[in-house]
Amino acid sequence: MDEALTQIVVYKSLIKGGFLRGTPEVYRIYRTEQDKIAFLMEAIEGKVMEDIFKMYRIVPTKLIVETLFHIGAMIDWLVQDIGMNHRDLKPSNLLIVEHAPTYKKRKVGNKRYTIVSNFDIVFLDYGFSCIGEEMSLGDVYSISDPCVKEGRDLFMFLSFLYMSIHWRIEPEMQLLFEKWLTVGFCALLRSSGAQYRDWE
């Protein structure tokens, strides 16, 4: 029930912020015959980000930067509007929905940016998320873990992304990840991310 309610709050916030496809709309919450709570949500035609990145021998730098632009703007909006941390942002929890190229205007902090983009990002799976002090889902995080923790979602996404594609990025992108996450942490993620190579 809490995950469905969180998704409803996030959906309304993202619509208000101009992210029209930011997360699926929840249509109905109901009880199953097995007496469990379930919910019916909008079906969005998209591709899992992780699967898209696997299609490339070398993931285009433009795709990575554009993805970070969208995600950064969405994270910033959710923090400012409702005090929300997703706490499980990784390529397998994000959809890319392609469309005709359109101008995307986004505000991050006090700055406004405009890019031409042919996709939107959709956040999925709110099972570990938190909204302020009022709501914290899942049992992975301590009850004393602060919400909202600034920078958590972006750091988490960068870490999971790097772990899953580090052997498929251009050298200049490698340097940027090492700057964002530190050289030592990138080395740790590379050793942890060896499992991803086995999937291909």
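Notes on the structure in this doc start here. Source: prediction; values computed, not measured.

### Points about the state of the cysteines
And then number 1: Under the counting rule described, the total for this entry stands at 1 disulfide.
And then number 2: The disulfide partner of Cys 130 is Cys 147, and the S-S distance across this bridge is 2.0 Å. Taking the sign of the S-S torsion, 90 degrees for the link of Cys 130 and Cys 147, the bridge is right-handed. Of this pair, Cys 130 sits in strand 7 (residues 130-131) while Cys 147 sits in the loop between strand 8 (135-136) and helix 4 (152-165), placing them 17 residues apart in sequence. Cys 147 carries the same exposure label as Cys 130, and that label is buried.

### Digging into the pairing of strand 6 (residues 111-123)
And then number 1: Note: strand 5 (residues 94-108) against strand 6, 12 bridges, orientation antiparallel. The partner of Glu 98 across the bridge, within strand 6, is Phe 119.
And then number 2: In this antiparallel pair of consecutive strands, strand 5 and strand 6, the connection spans 2 residues, and Gly 109 shows a positive phi of 65 degrees.

### Considerations on the pattern of salt bridges
Side chains bearing opposite charge may pair, as long as their charged atoms lie close to each other.
And then number 1: Taken as a whole and assessed by the stated rule, the structure comprises 7 salt bridges.
And then number 2: Measuring nitrogen to oxygen at the nearest pair gives 3.2 Å for the salt bridge that ties Arg 31 to Asp 35.
And then number 3: Look at Arg 31 and you get exposed, because its relative accessible area is 53%.
And then number 4: The closest approach of N and O atoms between Lys 104 and Asp 120, which form a salt bridge, is 2.5 Å. Taken as a pair, Lys 104 in strand 5 and Asp 120 in strand 6 lie far apart in primary sequence, 16 residues in all.
And then number 5: A relative accessible area of 10% places Lys 104 in the buried class.

Here is what the cut-offs are and how they apply
Residues numbered from 1 in each chain as written. Predicted model: local features only at pLDDT ≥ 70, side-chain atom pairs only at ≥ 80, totals over all residues. Heavy atoms only, no water. Disulfide = S-S within 2.5 Å. Helix = DSSP H or I, 4+ residues; strand = E, 2+ residues; numbered from the N terminus. Buried < 20%, exposed > 50% of the residue type's maximum accessible area, 1.4 Å probe, protein only. Pairing = 2+ DSSP bridges. Salt bridge = Lys/Arg side-chain N within 4 Å of Asp/Glu carboxyl O.

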